[in-house]
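Inside the fold
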Amino acid sequence: MPVNQALATYSDWTYAAAVVVYVVAAVLYLCEQAFSRAKAPRREAVAAGVGAGVGAGAGGDVRVAGTGADGTWTPGRVVAAPRPSRAERLGRMGLALNVLGALLHLASLVLRGLSTGRAPWGNMYEYGSLLTLAAVVTWLILVRSLPVRRLGGFVLVPVVVLMFMGGTVLYADAGPVTPPLQSYWLAIHVSIIAVGSGVLLVPGVASVLYLLKSSGRARFTRLPDADALDRVAYRSTVFAFPLFTIGIICGAIWAEAAWGRFWGWDPKETVAFVSWVVYAAYLHARATAGWRGRPAAWINTLGFALTVFNLFFINLVTTGLHSYAGVS
Amino acid sequence: MRAALAFLRNTWRGLTAMRTALTLLFLLALGALPGALLPQRSLNQQKVVEYIEEHGWWGRLLNRLQFFDVYASTWFAAIYVLLFVSLVGCLLPRTWEYAKQMRAKPVLTPRNLARMPHHGTAETGESVEDVMARTRERLRGWRLVEREEADGARSVSAERGFLRETGNLVFHFALLGLLIAFALGKMFGYEGQVIVQAGGGQFCNSGVFNYDSFRPGLRVDGTRLTPFCVKVDRFHATYLDNGQAESFQADIQYQSGADLESGTWRPYPLRVNSPLRTAGDRLYLLGHGYTPLFTVTFPNGETRTGATQWQPVNQVTLASEGATKFDPPGVTDAERRRREQLAITGLLAPTAAFHGELLDSGFPEARDPAVAVDVYRGDLGTDSGRGQSIFSIDQEQVRDGKLVKVARQNLRQGEQLTLDDGTVIRFDGVRDWVSLQVSHDPAQVWVLVFAVLVILGLLVSLSVKRRRVWVRAKPSGDGRTVIEVGGLARTDQAGYGAEFTALSRDLLAHEEKS
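Cut-off values and rules
- Residues numbered from 1 in each chain as written.
- Chains lettered and ligands numbered in written order.
- Predicted model: local features only at pLDDT ≥ 70, side-chain atom pairs only at ≥ 80, totals over all residues.
- Heavy atoms only, no water.
- UniProt positions renumbered as here; feature names shortened; annotations may be inferred.
- Contact = heavy atoms within 4.5 Å.
- Buried area = accessible area lost by both parts, 1.4 Å probe.
- Salt bridge = Lys/Arg side-chain N within 4 Å of Asp/Glu carboxyl O.
- Polar contact = N/O pair within 3.5 Å; in protein donor to acceptor, adjacent residues only side chain to side chain.
- Nonpolar A, V, L, I, M, F, W, Y, C, P; charged D, E, K, R; others polar.
- Axes fitted to C-alpha atoms, helices over the stretch in contact; angles between N-to-C directions.
- Helix = DSSP H or I, 4+ residues; strand = E, 2+ residues; numbered from the N terminus.
- Left-handed = near helix turned anticlockwise from the far one by under 90°.
- Core = buried A, V, L, I, M, F, W, Y, C linked by side-chain atoms within 4.5 Å.
- Buried < 20%, exposed > 50% of the residue type's maximum accessible area, 1.4 Å probe, protein only.
- Domains from an automatic or database assignment.

Named according to an unreviewed UniProt entry, chain B is Cytochrome c biogenesis protein originating from Saccharothrix coeruleofusca. UniProt lists a comment for chain B under the heading Subcellular location (unreviewed entry), and it reads "Membrane".

Chain A appears in an unreviewed UniProt entry as C-type cytochrome biogenesis protein CcsB from Saccharothrix coeruleofusca. Quoted verbatim from the Subcellular location (unreviewed entry) field of the UniProt record, the comment on chain A reads "Membrane".

In structure tokens:
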């Protein structure tokens, strides 16, 4: 199928626009983080809502009085301030731009798919684009239910770095893929793995912040409650882990049809297996007394480091069957 | 005796403790990692040899510690066997506990529900019985038990989310099953590779000797392969202008089972992502390359044709190297034969691109084939007892002066060269060859079944919440009833709050409506 160059060009433009918008959004988020005072009213409201439920490790506390009013914490409801502070406004602008950036990002992937007439994740540039989009969308979903919006900058910075590298050193022109990739499993296996890895970026960032926050040093007091960070990490990991598992198993099914065996310890397979084991250890650690909190956060951080290692080192340095980077 | 028992018990407890399992998980991850970073024999024998040579004592040490066969090594096996023993030790009591809980009634309602992490209370004009009836209605689908309490109070304790533990157990048992099926496949499976010439070349899975390389499972001796035959009629590839491959296809015919008796051939288009599945085996198209065709006319007028596959040295342009070897015809004297054997070696370019006299390949398709050959005459060493590659000549014979280069020339299709003794070598063109792999794994369907169970178990165990709710209705004395609701999520899953809020609103807020 011939490549539609016009659409490919529009795809590149929207990609670049998404990166720029993300950068601005990240700056706004970081301003919110920098200008909001440690003892902001919002923060106290959060502490009252979430903190009470902490002991049980469950959601909000319910106090149904005779009047029928309930005390559950809902985003945007507890904050009674009629006029949001300047920091708050910056954060909201950041969030709006973040959504805009995600839409542009999505548009660039769709345009690439339309221009090449195949699933738009056939080389490393496209794979990285899907991965980062998954991370951003995960973040946007989590922000709706957890009071962590101003950490958006910390998620967007690695996203922007990955997208910048993808758009420069890893960039590959729109084109068809080689015969081994011409299978419907490309649409299934690669998308699931990319989305799974992208979602795992969020717990990676949250776990690093958790480690900083729980280190007890004064300069990290502005970070949100450690418990909220822990919940960000856990929720996104619990979503991504089955996805990652399904992705690996789909890969095995594809490998059986393409390479003659479902599992052969190809470097990519091996590191995927290793990170799967590490995330499994995270889930176990979080349910084991003595391993909750910092040890679990360390394990999650390690898992994310392995995901990044698998993306770059294994694709670009070692040679294996998964060498589809398209980087020359 | 007692001490020994205590020791065994402690070992068992230690092994099945969660922290041991976690440690073993980390060891498994750590142990698997070298396999991705160091060359592995199972993937590339040649690279392992090079690595050991380059790294001296370090390479030899790694070799002795089985670091080049990580996944077949004793220590890796020790880690996963211990992990699975630990898993079994954890699963057995949990399964027992699970079976007991399935039959047990939900626990008694705690005296003080206000202490529960989720809690609510309200007063209503309904009777205790009405509240209970309404509660039962609202908690349909929950496993619940109603109890009489002192002072005319009644309470319901309800529990939900047993599927979580079901999923958890299914996941872990399926992992065990997956490992066992994997191991069975490794024992009773085999993998063989063979190069077959297009244009009618045949291969039959009748014995190990038909393969170029054969990797048997531990319990496979190669005597009982499932018989089937394939014939490669044609291979065709299409390429983009930049040389990137667009499609590969080998048109083959095969016969298996009853077809072998009747001699029926069935056609199949063999492609990279669509293997042939027949007789319980799978046949894959792994690669392809070119065979240069040479016709040699010897001084006595006899001709011989040579068609030996050469191997690609550049995967993009398919420039290939190899050696086509000839015995002189009509020579029975071994001594004389050793003086007059011929070998044509060099480079084959499917699409010739000359840089001056230097030949290179410009494109992977055979558009304008040419060879740059070195012709050697003398003793090839084929009867020296040493094995030699079909892709090269024995360089030792060249060094010893037993094999001498007698010509070097570029030949395009149809061109020929003449040696000093009058022998004429003509390059007739190229023929495709394909590299095929036969795989046999009787257990892989079970691996798939267990893998699906792993996914299902995981999804259920991570999405279902195990939670309890208690409702107590107590006459307040003035004809009204106090309703108390308490809730507890049994797992660290967040999100029970919302469900409990809805629940308690329904159970408590009745009065506002009436």
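This is not the end of the story, as more comes after the structure.
1. Side note on the interface of chain A and chain B
When the parts of a complex come together, some accessible area is lost, and that lost area is often used as the size of the interface. Taken together, the 66 residues of chain A in the interface contact 60 residues of chain B. With both sides pooled, the region where chain A packs onto chain B buries about 5000 Å², and carbon together with sulfur makes up 67% of that total. A salt bridge links Arg277(B) to Glu256(A); the nearest nitrogen and oxygen atoms lie 2.7 Å apart. Linking chain A with chain B are 13 residue pairs in polar contact (both at pLDDT 80 or more), by the criterion used here. When the residues that make up the side of chain A that touches chain B are grouped by side-chain class, the tally is 40 nonpolar, 17 polar and 9 charged.

2. A look at the packing of helix 1 (residues 5-35) of chain A against helix 4 (residues 124-145) of chain A
Residue and element names in this part refer to chain A. Running from amino to carboxyl end, helix 1 crosses helix 4 at an angle of 35°, the nearest separation of the two axes being 13 Å. Considering the relative orientation of helix 1 and helix 4, their crossing is left-handed. Within the contact between the two elements, helix 1 uses Asp12, Tyr15, Tyr22 and Tyr29 and helix 4 uses Tyr125, Ser129, Leu133, Val136 and Trp139. Taken together, the residues of the contact of helix 1 with helix 4 sort by class into 7 nonpolar, 1 polar and 1 charged.

3. Some details on the nonpolar core
Core analysis: the biggest nonpolar cluster contains 120 residues, and Tyr22(A), Trp139(A), Val159(A), Leu201(A), Phe241(A), Phe273(A) and Trp276(A) have the highest contact counts within it. If you tally residues by element for this core, the top one is helix 7 (residues 226-258) of chain A, at 16 residues. Residues contacting Leu201(A), with those up to four places away along its chain left out, are Ala135(A), Val155(A), Pro158(A), Val159(A), Leu162(A) and Phe304(A). Formed by 48 residues, the second largest nonpolar core is a distinct cluster that contains Phe294(B), Val296(B), Leu411(B) and Ile425(B).

4. A short note on the environment of Thr135(B)
Residues and elements named next belong to chain B. Assignment of secondary structure puts Thr135 in helix 6 (residues 128-138). Spatially, the C-alpha atom of Thr135 lies 43 Å from that of Arg13, the residues being 122 residues apart in sequence. Each residue touching Thr135, except ones within four places of it in the same chain, is listed here: Val156, Val471 and Leu507.

5. Observations concerning unusual backbone geometry
For Trp265(A), which is not a glycine, the phi torsion comes out positive at approximately 55°. Trp265(A) sits in the buried class, given a relative accessible area of 14%. One non-glycine residue, Leu318(B), lies in positive phi territory at about 60°. Assignment of secondary structure puts Leu318(B) in the loop between strand 13 (311-312) and strand 14 (320-326).

6. Things to note about the environment of Ser463(B)
All names here are of chain B. With respect to the element layout, Ser463 can be found in helix 11 (residues 444-463). Residues Ser463 and Leu318, 145 residues apart in the sequence, show an inter-C-alpha distance of 51 Å. Polar contacts involving the side chain of Ser463 include one to the main-chain carbonyl oxygen of Leu459, which spans 2.6 Å.

7. A look at the domain arrangement of chain B
Each domain of chain B was delimited in the assignment, giving domain 1 (2-92), domain 2 (105-161 + 465-507), domain 3 (189-288 + 437-441) and domain 4 (290-430). Its C-alpha centre places domain 2 of chain B at a distance of 67 Å from the equivalent point of domain 3 of chain B.

8. Here we look at the UniProt feature "transmembrane region" (unreviewed entry) in chain A
All names here are of chain A. UniProt's entry tags residues 13-31, 95-115, 127-146, 153-172, 184-212, 232-255, 267-285 and 297-318 with the feature "transmembrane region" (unreviewed entry), counted in the numbering of this structure. With 100% helix and 0% strand, the stretch residues 13-31 has end C-alpha atoms that lie 27 Å from each other. Between the end C-alpha atoms of residues 95-115 the distance is 30 Å, and the span holds 100% helix and 0% strand.

9. Observations concerning the pattern of salt bridges
All names here are of chain A. The full count for this structure, using the stated rule, is 38 salt bridges over all chains. Across the pair Arg149 and Glu32 runs a salt bridge, and its minimum N-O distance is 2.6 Å. Within this pair, whereas Arg149 is found in the loop between helix 4 and helix 5 (152-167), its partner Glu32 is found in helix 1, the two being separated by 117 residues in sequence. For Glu32, a relative accessible area of 3% gives the class buried. Two residues, Glu269 and Arg261, come together in a salt bridge whose shortest N-O distance is 3.3 Å. Classification of Arg261 by relative accessible area gives buried; the value is 14%. A single network of salt bridges, built from pairs that share partners, joins Asp12, Arg112, Arg118 and Glu126.

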